[in-house]
Amino acid sequence: MPISAAQFDAVVDALRRVLPCDRPADTVLSAWFRDQRRLGATDRHLVAETVFAVLRRRAFLTALTQPNPTPKRLAIASLVKVRGLNLRELEGILTEAEKKWAGELKGTTPELTLAERAELPDWVATQLQDAGLSDDELLALGQSMQNSAPLDLRVNTIKARREDVAVQLARDGIDAQPTPMSPFGLRIKGKPAVNRHPLFTEGAFEVQDEGSQLLGLLLAPRRGEMVVDFCAGAGGKTLMLGAMMASSGRLYAFDVSEKRLANLKPRLARSGLSNVHPQLIQGENDSKIKRLAGKVDRVLVDAPCSGLGTLRRNPDLKFRQSPESVAQLNVTQASILAHAARLLKNGGRLVYATCSILPSENDAIIDAFLAAHPDFVELPANVLLAEQRVELDTGTRLRLNPRDHGCDGFFAAVLERRIPKPVYPQDAELDEPAGHAAEDSPAE
């Protein structure tokens, strides 16, 4: 379908606003759309798709447009090389010189480094390779994040069954297939406006990536328990946990952001849950947290992170993060995990999770915590998922990526608190002498 001059101008103007990447791209684009009231739905779709295509393939497109990667040239290169438009569809938009250059682009393949081919910053590629990723694995991972993400829903089991929601959506022309891993998930074909559907407004489903849903299955909260979502945000995982608890027990949703908790309120109202208690906290040392020390059955720590596992949705993050910003996050992650762990009673379970692919935000945080906290042991994520009838085995720790699992990049580790039974002097006197057991043990 040909692009009009007005549409192309809108794409270029939007790119000028977004490309500095000093603020989240979706926020900048939403503000820009509010100022462009004459744009229709088709125009907005074209602008959004092209802007995000440029962000996802920026290294490739920048190499193509050297030595002058202006927003206009990046837009042309994206439409021709990434979105596959032919020159007839750009008729009347380009100058003769631009048409000649665009025609030459068709057969141009720039020389790129491995990190550029993966569309990842050099420092990210280096950290992943240092952690053992081969060149082929790094490239495959990077390429899997260069496409847009699918639209996943989580059915609210308090109000509906997955099968019934899928049938109703199909009747309304929305193709919804069960997600392969989460028993609560539906994957939607295309990008329909599901937030206008009656089932959404009635609280029968929420938009939630399948990988995020697996975190709740690892925590596996039970009816009547006391549970804490330590970094609740807008509450997507909170609502899932509440439904898994059948709206019983007590579920605290902690967050330091009043705005994020405010966004939870309408979602909570739709959900029909009565066991969720949003709590604004000033930080991990807040008195509201201290009062729960040693009393909680399960804690979810969806830690603040770089978000580099969500590059399909937020490709601008790779331009807004740095080794220095991640190092600051690591300090925060370690502190939050240590404080959240104090909430657990003996035998309580904690899930530490991020939507990052960086080992420094994942394994390094867990390894350091376990080394400093002998009263915690790690539980195998693969076994716990099998208990939930999820056929997925990424080892002791959950590791998800778009290439292998079709969802965002997630990491999770499961910890259990096991406080040693105290040994009193009178108990010690009843123990067998150390040498006696050795005498009775079989010979090697």
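Structure shown above.
Residues numbered from 1 in each chain as written. Predicted model: local features only at pLDDT ≥ 70, side-chain atom pairs only at ≥ 80, totals over all residues. Heavy atoms only, no water.

### What about the packing of aromatic side chains?
Applicable threshold: A pair of aromatic rings is counted whenever rings of Phe, Tyr or Trp (Trp by its six-membered ring) have centres within 6.5 Å, and the orientation is called stacked for planes under 30 degrees apart, edge-to-face for over 60 and tilted otherwise. Secondary structure elements are defined from DSSP: runs of H or I of at least 4 residues count as helices, runs of E of at least 2 residues count as strands, and each element is numbered from the N terminus. Type-normalised accessible area, obtained with a 1.4 Å probe on protein chains alone, sets the label of each residue: buried when under 20%, exposed when over 50%, and partly exposed for intermediate values. As a reminder, the over-ring test applies to NZ of lysine and CZ of arginine, requiring each to be within 6 Å of the ring centre and within 35 degrees of the ring normal.
Within this structure, the stated rule accounts for five aromatic pairs. With a centroid separation of 6.2 Å and an interplanar angle of 90 degrees, the aromatic rings of Phe230 and Phe254 are classed as edge-to-face. Highlighted residues: Phe230 in the loop between β5 (226-229) and α13 (236-244) and Phe254 in strand β6 (residues 250-255), separated in sequence by 24 residues. Neither Phe230 nor Phe254 differs from the other in exposure class; each is buried. Look at Tyr252 and Phe254: their rings are 5.9 Å apart centre to centre, the planes differ by 20 degrees, and that puts the pair in the stacked class. Owing to a relative accessible area of 12%, Tyr252 belongs among the buried residues under this scheme. Site record: aromatic cluster; members linked through ring pairs are Phe230, Tyr252 and Phe254. Lying over the aromatic face of Phe319, Arg58 brings its terminal NZ or CZ to 5.0 Å of the ring centre.

### Regarding helix α2 (residues 25-35)
Using the following cut-off: By construction, the arc corresponds to the directions joining the helix axis to the C-beta atoms.
Every buried residue of α2 is accounted for by Ala25, Val28, Leu29, Trp32 and Phe33. Viewed along the axis of α2, the buried residues span an arc of 135 degrees, placing them on a single side of the element.

### Some details on α13
With nine of nine residues buried, α13 lies mostly within the body of the structure. Looking one or two residues beyond α13, the residue adopting positive phi is Ala246, at roughly 55 degrees.

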